[in-house]
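Close look at the chain arrangement
Chain by chain, the residues run as shown.
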Amino acid sequence: MPIAVGLLALWLSPRLAARLGWRRLLVAAFLASVGWAVAVAIANGFSELVRPVRLPNDYLADVSLIRSPGLFLSTFVEHIGRFHQHVRGHPPGMVLILWAMNRVGLDGPGWEAALEILGGAAMVPAVLVSLREVAGERVARSAAPFVVFAPAVVWIATTADALFAGMAAWGIALVLMSLVRRGRSSDGLALAGGVVFGEALFLTYGIVVLAAIPVIVAVRQRRVRPLVVWALGVAGVFAAFAGVGFWWPAGLRATVAQYRAGVSRFRPQSYFWYGDLAAFAIVLGPAAAVGLSRLRDPRAWMLVGGAALAVILADVSGLSKAEVERIWLPFFPWIMLACCSLGRWGPGTNDSGTGASLTGLRPWLALSMASTLVVQILVRTTW
């Protein structure tokens, strides 16, 4: 099935990337990401869609421990040792979301899997919107197929990190949109982006370094106000959680203490300075390496370079230490934007690129899809 879906996508995606209206392209990219993630996952059986969330160390295992949200948050740090691995290693946001879903009847592994797959696919339109705002529509259209069909799709269905990636991407996209607007609309977008990114920080600690992307763009464009409003939105989320008893820095310290008391003794940092980067290379695939070598657009480099800086910070600081490929899901789509350099626009192309031809993508896109299938078949992970 994934081979048939891949061949159809290889034939259609360059044409659709060039000719669809912008909003339709975003919808198509989102749906294609969902479809490709599911198609790749079920290559090993339909049970693969829910197997990861059924594992005994997943968030669902601790939902029953929540009696009330306030009590759970206020005692989370104190009682962190009684939770399972995934909950101990993250802020309390994800298990709280699953508790809320349970309360309204959306309980069980099927609903969690759906949330994570849809959340992961949502990162695709977010980064494309970001690239369009910063570098223009033609550049964003050129990158679209590569963001959808990167090998990282193997971990979108199904892992909570995919949802984290989608939340973080939209938090950044909204503030980038605010940087090219003025007045109340700019402030509103920046504030909304800050709230979304702040909520994402209560799902996972590691994405804090992605703040490098909007900071670089804001400095380059000399727009400080949207960045300040964005930071106020983030601070508002922190204040709300602190008001009910959970302080984010204390949670991070408790998580680090739990890790150091466990398997950290057998996982030296020196290995993961390059081991995690090797895992990240698997997530990106070979097309990203070629795209990075060919990228000359300084506007696109603001996003790609900001993400590269975030990856380095995560690696050096140990925020990514001993993690597997899925930890890089919030980072990979920003690096994949470098693949915008692999396409060539035909003559007569207007600023939006619609109605024109986009060539040169298929060989690299085929290589990326082939890499995805190789990873799915040969790379063994338990996630």
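Quick look at the structure, then.

The next point concerns the overall build of the protein chain. The helix and strand inventory of the protein chain stands at 19 helices and two strands. Radius of gyration (C-alpha) of the protein chain: 20 Å, near the 21 Å computed for a compact globule of 383 residues. With respect to the three principal axes, the spread of C-alpha positions in the protein chain is 65 × 50 × 45 Å. Residue burial in the protein chain is summarised as follows: out of 383 residues, 55% are buried. Here the contacts in the protein chain between residues at least 6 apart in sequence split such that 82% fall between residues at least 24 apart. For the protein chain, the exposed surface amounts to about 16000 Å²; the carbon and sulfur share of it is 64%. Distance from the positive charge centre (32 side chains) to the negative charge centre (18 side chains) of the protein chain: 8 Å.

Our next topic: the packing of aromatic side chains. Enumeration according to the criterion identifies 13 aromatic pairs in this entry. Summarising the aromatic geometry, the rings of Phe-202 and Phe-246 are spaced 5.9 Å apart at their centres and angled 70 degrees between planes, so their arrangement reads as edge-to-face. Highlighted residues: Phe-202 in the loop between helix 11 (183-201) and helix 12 (212-221) and Phe-246 in the loop between helix 13 (225-243) and helix 14 (248-261), separated in sequence by 44 residues. By relative accessible area, Phe-202 is classed as buried at 1%. Here Phe-246 falls in the buried class, since its relative accessible area comes to 1%.

Right, let's get into a nonpolar patch on the surface. Residues Leu-191, Val-195, Val-224, Val-228 and Leu-232 make up a contiguous nonpolar surface patch of roughly 430 Å² in combined accessible area. Those elements that place two or more of their residues in the nonpolar patch are helix 11 and helix 13. Take Val-195: it is sitting in helix 11.

Among the nonpolar cores identified, the biggest contains 130 residues, and Leu-210, Phe-332, Trp-334 and Leu-337 are the most heavily contacted of them. Among the elements that make up this core, the one with the highest residue count is helix 10 (residues 160-178) (13 residues). Non-local contacts of Trp-334, meaning those with residues more than four positions away in its chain, are made with Val-127, Ser-130, Ala-169, Ile-172, Leu-176, Leu-210, Ile-213, Leu-303, Val-304 and Ala-307.

Further remarks concern the packing of helix 8 (residues 123-135) against helix 9 (residues 137-148). The angle between the axes and the distance between the axes are what describe a pair of packed helices. Look at helix 8 against helix 9: their axes get within 8 Å of each other, and the N-to-C directions meet at 155 degrees. One way to sum up the angle between helix 8 and helix 9 is to call them roughly antiparallel. Once helix 8 is placed against helix 9, the crossing between them reads as right-handed. Taking contact as the criterion, the partners of Val-124, Val-127, Leu-128, Leu-131, Arg-132 and Ala-135 in helix 8 are, on helix 9, Glu-137, Val-139, Ala-140, Ala-143, Ala-144, Val-147 and Val-148. The class makeup of the residues in the contact of helix 8 with helix 9 is 11 nonpolar, no polar and two charged.

All right, on to helix 2 (residues 22-41) then. Given a rise of 1.5 Å per residue, 20 residues ought to cover 28 Å, and the 29 Å separating the end C-alpha atoms of helix 2 matches this to within 8%. Those residues of helix 2 not exposed but buried are Trp-22, Leu-25, Leu-26, Ala-29, Ser-33, Val-34, Trp-36, Ala-37, Ala-39, Val-40 and Ala-41. Against the buried residues of helix 2 lie helix 1 (2-19), helix 7 (109-121), helix 8, helix 9 and helix 19 (362-378).

Moving on, we come to the side chain of Thr-372. With respect to the helices and strands, Thr-372 occurs in helix 19. Other than its neighbours up to four places away in sequence, Thr-372 contacts Trp-36, Val-40, Phe-149, Ala-150, Pro-151, Val-153 and Val-154.

Reading guide: rules and limits
Residues numbered from 1 in each chain as written. Predicted model: local features only at pLDDT ≥ 70, side-chain atom pairs only at ≥ 80, totals over all residues. Heavy atoms only, no water. Helix = DSSP H or I, 4+ residues; strand = E, 2+ residues; numbered from the N terminus. Rg over C-alpha atoms; globule rule 2.2 N^0.38 Å. Buried < 20%, exposed > 50% of the residue type's maximum accessible area, 1.4 Å probe, protein only. Contact = heavy atoms within 4.5 Å. Areas by Shrake-Rupley, 256 points an atom, 1.4 Å probe, with all protein chains shown as cover. Lys, Arg positive; Asp, Glu negative; His and termini not counted. Charge placed at Lys NZ, Arg CZ, Asp CG, Glu CD. Phe/Tyr/Trp six-rings, centres within 6.5 Å; stacked < 30°, edge-to-face > 60°. Patch = residues over 30% accessible without salt bridge, like charges linked within 9 Å, V, L, I, M, F, W, Y side chains within 5 Å. Salt bridge = Lys/Arg side-chain N within 4 Å of Asp/Glu carboxyl O. Core = buried A, V, L, I, M, F, W, Y, C linked by side-chain atoms within 4.5 Å. Axes fitted to C-alpha atoms, helices over the stretch in contact; angles between N-to-C directions. Parallel < 35°, antiparallel > 145°, perpendicular 65-115°, else oblique. Left-handed = near helix turned anticlockwise from the far one by under 90°. Nonpolar A, V, L, I, M, F, W, Y, C, P; charged D, E, K, R; others polar. Expected span 1.5 Å × (residues − 1).

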